[in-house]
Amino acid sequence: MSTPHVSACSRCAAETPEGKLDPTGWCDACRAELIPRANVWGWVACVAVALLYLGWMVWAGMFGHLFMMAWVVLGVGLAFLALKVARRVAFEVLRARAMSPRR
Ligand SMILES: [Zn+2]
């Protein structure tokens, strides 16, 4: 019989108050372990997009262009989006890998 109002984390089995687990049943501590690793992947994607964009700007002769600042702002926006998306995707991938049974 499980105690009401407490549920066990599906990864570390730590007892956590009901409603504190995320939809896949992970506690805050387990999620916190993955976040720095997901951040690394997010920054890798962010820098990669920024460099590609910078390379494109040089290739397309955008420096000195009338709307150069607008293009730079767009590039920063794209790199930031890449950071957010890659971080989110990396988190899901790392979690799926951690949840799959080890052989
Ligand atoms: Zn846990």
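Residues numbered from 1 in each chain as written. Predicted model: local features only at pLDDT ≥ 70, side-chain atom pairs only at ≥ 80, totals over all residues.

J.: How should the overall build of the chain be read in this particular structure?
T.: Scanning the chain from N- to C-terminus turns up two helices and two strands. The C-alpha radius of gyration of the chain comes to 20 Å, more than 25% above the 13 Å expected for a compact globule of 103 residues. Considering only C-alpha atoms, the chain reaches an extent of 70 × 30 × 15 Å along its principal axes. Burial statistics for the chain: of 103 residues in total, 15% are counted as buried. Put simply, of all contacts in the chain between residues at least 6 apart along the chain, 46% involve residues at least 24 apart. (Helix = DSSP H or I, 4+ residues; strand = E, 2+ residues; numbered from the N terminus. Rg over C-alpha atoms; globule rule 2.2 N^0.38 Å. Buried ≥ 20, exposed ≤ 12 C-beta atoms within 10 Å, placed from the backbone. Contact = placed C-beta atoms within 7 Å.)

J.: What exactly am I supposed to notice about unusual backbone geometry here?
T.: Unusually for a residue other than glycine, A13 sits at a positive phi of about 65°. Along the polypeptide, A13 turns up in the loop between β1 (6-8) and β2 (15-17).

J.: Please explain the environment of C9 as it appears in this structure.
T.: With respect to the secondary-structure elements, C9 resides in the loop between β1 and β2. Along the chain, C9 and R97 lie 88 residues apart, while their C-alpha atoms are 16 Å from each other. Residues contacting C9, with those up to four places away along its chain left out, are A14, T16, L21, G25, W26, C27 and C30.

J.: What is the right way to look at helix α1 (residues 28-59) in this model?
T.: Since the α-helix advances by 3.6 residues per turn, residues separated by three or four positions end up pointing in the same direction. A rise of 1.5 Å per residue sets the reference length of α1, with its 32 residues, at 46 Å; its end C-alpha atoms lie 45 Å apart and thus fit the reference within 8%. Maximum bend of α1: about 25°, positioned at I35, with proline P36 one to four residues after it. Of all the residues in α1, the buried ones are C30, A38, G42, A45, C46 and Y53. Those residues of α1 hidden inside the fold are in contact with α2 (68-99). At the exit of α1 stands G61, carrying a positive phi of roughly 70°. (Expected span 1.5 Å × (residues − 1). Bend = angle between axes of the 7 residues up to and from the residue.)

These figures capture arrangement, not role.
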